[in-house]
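Structural overview for review
The lines below spell out each chain.
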Amino acid sequence: MAKKYKLEISPATLEKIVHMSLFRVEEKGKCLRHIGDETKNAGLVLSGIARCFYIDGNGNDITRGFSISGTLCMDEGMFGYAESLTEWETLEETTLMVFNVEQIKKVIFEDVLLKNAYMTLLENALRYKIYRENGFLVENATERYIHFRKLYPEICSSVKQQYIATYLGIAPESLSRIRKNMKETENDLNSDLY
């Protein structure tokens, strides 16, 4: 993760974090956390994909986001929430590094490099949140899907389309139409080349 996001963390600090963490491999479909559960622990996805989602008044699940390799999951506690706002589940076999939020924050604020890395991660999360909100305000569903594909190609190829649709704020049928139209457009473009 440090290399992927160009974060500087000293080997001693990294070793300290590893020693205070638990490593778990969770099977596909495992519930990691329920709405209302305590958020004393958070996790870092080392491999695999996790999804967080809300349950609306009609009992439908609506995807809030995905956690892929190198990103946090079950992270509400890192942002000051005592209880989980969402359900968390694995979408494929997922390896997690799980740590105590209070302990990790203590380590973060004692180490300048780690504090800078944490600020970078928070800035990236906030930047993405603003980008996503902007998409809902100014982009149509097709544009939102195209941007999603660019950002998360690994998710598009391995996650149920229904989850992606709810993440994009559209019905699964609409996503199917968008994908079909895009495929037809790509095929038309390719046939024009020959």
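Right above here is the structure, for reference.
Residues numbered from 1 in each chain as written. Predicted model: local features only at pLDDT ≥ 70, side-chain atom pairs only at ≥ 80, totals over all residues. Heavy atoms only, no water.

1. What to know about the side chain of Ser67
With respect to the helices and strands, Ser67 occurs in strand 5 (residues 61-68). With residues up to four places along the chain from it excluded, the contact list for Ser67 reads Val45, Gly48, Ile49, Ala50, Leu72, Cys73 and Trp88. (Helix = DSSP H or I, 4+ residues; strand = E, 2+ residues; numbered from the N terminus. Contact = heavy atoms within 4.5 Å.)

2. Let's talk about the packing of aromatic side chains
Applying the stated criterion to the full structure yields 7 aromatic pairs. With a centroid separation of 5.9 Å and an interplanar angle of 40°, the aromatic rings of Tyr128 and Tyr131 are classed as tilted. Within this pair, Tyr128 and its partner Tyr131 are both found in helix 3 (residues 112-138), separated by 3 residues, close to a single helical turn. Here Phe148 and Tyr167 contribute two aromatic rings whose centre-to-centre distance is 5.3 Å and whose plane-to-plane angle is 50°, an arrangement assigned as tilted. Of the two residues, Phe148 sits in helix 4 (residues 141-151) while Tyr167 sits in helix 6 (residues 161-168), which places them 19 residues apart along the sequence. In this structure, Phe148 and Tyr167 share a single accessibility class: buried. Here the aromatic residues Phe66, Tyr128, Tyr131, Phe148, Tyr152 and Tyr167 are joined through ring pairs into a cluster of three or more. Directly above the ring of Tyr163 sits Arg51, whose terminal nitrogen or CZ lies 3.7 Å from the centroid. Across from the ring centre of Tyr167, 3.7 Å away, lies the NZ or CZ of Arg132, which sits over that ring. (Phe/Tyr/Trp six-rings, centres within 6.5 Å; stacked < 30°, edge-to-face > 60°. Buried < 20%, exposed > 50% of the residue type's maximum accessible area, 1.4 Å probe, protein only. Lys NZ or Arg CZ within 6 Å of the ring centre and 35° of its normal.)

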